[in-house]
Amino acid sequence: MSSAPPVLEVRDLCLRFHTDQGTVEALDGVNLRVLPGEILGLVGESGCGKTATARAILGVVPAPPGEITGGRILFGGEDLLRLPERELARRIRGRAITLIPQDTLGALNPVFPLRTQLLDVLRWHPPEGDGGLWGLLRRYGRRWRRQALAQILALLRQVQLPDPEGALAKYPHEFSGGQRQRLLIAMALLPNPVLVIADEPTTALDVTIQAQILRLLRRLVKERGTSVLFITHDLGVVARLCDRVTVMYAGQEVETAPTAALFTRPAHPYTQQLLASLPDHRKEELEGIPGVVPSLIDPPRGCRFHTRCSQARPECALTRPPERLLAPGHTVRCHLY
Ligand code: SF4
């Protein structure tokens, strides 16, 4: 594991949403670290806080109803939670940290051809820095446009989009789902970001296209040394793609480990049950985790998994387990350790 300082460190992040039904305690002291050049998988069932974590990192939690009540998000030595929105929008979101979303059609503007949308990414988020008003004016010149288009075409070739020159004149609806996902990967990499957040980007694709996209993404980010926070509920995707994994349950992180260690020596009962739930053609019946993720309005105290855990002890309902180091890079939060 790299000993370099993490590019992103989330410490004790707490996020709540005030709704008509009550206060949703969406994140309760979440911790995670993304190291330089690594792909960190963030896994858990739907509703466990993966996307809320990503939104907090990107500074796009709507407030109200959202309210970050504690914690720090350290990126390049700065706490993003203390940066003014103007600075976040100018230097971080869309430039140093980019997003590959799940909804490929919704992420692209239906009324502009691809050329316009990709030029705009480089115009507003140039890798070399924005250069103020003069820089922006320069980026409307012919010479800049010629160079930018060459850069865009090179990246479209790298993401293996068929006929990149012809594609520039097309509109989003003229591409297949897999092609749009390649486009969004290109868009996310164009500003040469430090960190890419990929939010379930392959969920809507069939398995063969999914495998191609994952291979492509892994190759591109490893070549560039870009770090990735890859959000997914699919442990099969994690096994193929990620270097390390953080498992989340009901707004808390419960286990972090190198991918191989998590699959061979899962420590947290939730991780163990998630792995046992993976489809296996040798088993006659599909296994699942009994019960459902609890409501985060008035969530269970202590370890939030205690309402579904077959190994729960009395203290589990009282106190949140502290983080325990089991092996280098392998931590768990469970009173069994
Ligand atoms: Fe189960 Fe207790 Fe461990 Fe939570 S802390 S996973 S309830 S044993």
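This text goes with the structure placed above it.
Before going into details, it helps to say that this report is about the structure given with it.

Basis of the calculations
- Residues numbered from 1 in each chain as written.
- Predicted model: local features only at pLDDT ≥ 70, side-chain atom pairs only at ≥ 80, totals over all residues.
- Heavy atoms only, no water.
- Axes fitted to C-alpha atoms, helices over the stretch in contact; angles between N-to-C directions.
- Helix = DSSP H or I, 4+ residues; strand = E, 2+ residues; numbered from the N terminus.
- Parallel < 35°, antiparallel > 145°, perpendicular 65-115°, else oblique.
- Contact = heavy atoms within 4.5 Å.
- Nonpolar A, V, L, I, M, F, W, Y, C, P; charged D, E, K, R; others polar.
- Buried < 20%, exposed > 50% of the residue type's maximum accessible area, 1.4 Å probe, protein only.
- Polar contact = N/O pair within 3.5 Å; in protein donor to acceptor, adjacent residues only side chain to side chain.
- Pairing = 2+ DSSP bridges.
- Left-handed = near helix turned anticlockwise from the far one by under 90°.
- Core = buried A, V, L, I, M, F, W, Y, C linked by side-chain atoms within 4.5 Å.
- Arc of directions from axis to C-beta.

### Side note on the packing of helix α4 (residues 114–124) against helix α6 (residues 142–158)
A packed helix pair is summarised by two numbers, namely the angle formed by the two axes and the spacing between the axes. Taken N-terminus to C-terminus, the directions of α4 and α6 make an angle of 110°; their axes are 10 Å apart at the nearest point. Between α4 and α6, the crossing angle belongs to the class labelled roughly perpendicular. Residues L114, R115, L118, L119, L122 and R123 of α4 lie in contact with α6, whose contacting residues are W144, R145, A148, L149, Q151, I152 and L156. In the contact of α4 with α6, the residues fall into 9 nonpolar, 1 polar and 3 charged.

### Brief notes about the side chain of T246
Looking at the element boundaries, T246 is found in strand β9 (residues 244–249). With a relative accessible area of 1%, T246 lands in the buried category. Only 3.0 Å separates the side chain of T246 from the side chain of T256, close enough to count as a polar contact. Beyond its immediate stretch of four places on either side in the chain, T246 contacts N31, L32, L40, G41, L42, V43, E253, E255 and T256.

### What to know about the sheet that holds strand β11 (residues 323–327)
Sheet architecture is open: 8 strands sit in the order β6-β7-β8-β3-β9-β10-β12-β11, paired in mixed fashion. Of all the strands in the sheet, the pair left with one neighbour each is β6 (97–100) and β11. Sheet twist, expressed as the average angle between the axes of neighbouring strands with direction ignored, equals 20°. Strand direction decides the pairing type here: β6 and strand β7 (residues 195–199), joined by 4 bridges, are parallel. Bridge pairing in β7 links L99 to I197.

### Describing the packing of helix α8 (residues 177–189) against helix α9 (residues 207–224)
As a packed pair, α8 and α9 sit with axes 10 Å apart at the nearest point and diverge in direction by 15°. Classified by the angle between their axes, α8 and α9 sit roughly parallel to one another. Where α8 crosses over α9, the handedness of that crossing is right-handed. Of the residues in α9, those in contact with G178, Q181, R182, I185 and L189 of α8 are I209, Q212, I213, L216, L217, L220, V221 and R224. Taken together, the residues of the contact of α8 with α9 break down into 8 nonpolar, 3 polar and 2 charged.

### Re the side chain of H335
Among the secondary structure elements, H335 is positioned in the segment after β12 (330–333). Overall, the relative accessible area of 18% leaves H335 in the buried class. From its side chain, H335 meets the backbone oxygen of T319 in a polar contact 2.9 Å long. Those residues in contact with H335 that sit more than four places away from it in its chain are R313, E315, C316, T319, R320, P321 and P322.

### As for the nonpolar core
Counting residues in hydrophobic clusters, the biggest one holds 62 residues, and the most contacted among them are I152, L156, I185 and F230. For L156, the contacting residues outside a window of four places in its chain are L114, L118, L161, P164, L168, L183 and A186. Counting residues in hydrophobic clusters, the runner-up holds 32 residues, among them A26, A52, L83 and L229.

### Quick word on helix α2 (residues 85–92)
Buried residues of α2: E87, L88 and I92, and no others. Projected down its long axis, α2 shows its buried positions confined to an angular sector of 100°, all on one face. Against β4 (66–75), β5 (78–79) and β6 lie the buried residues of α2. Count one or two residues on from α2 and you reach G94, which has phi positive near 90°.

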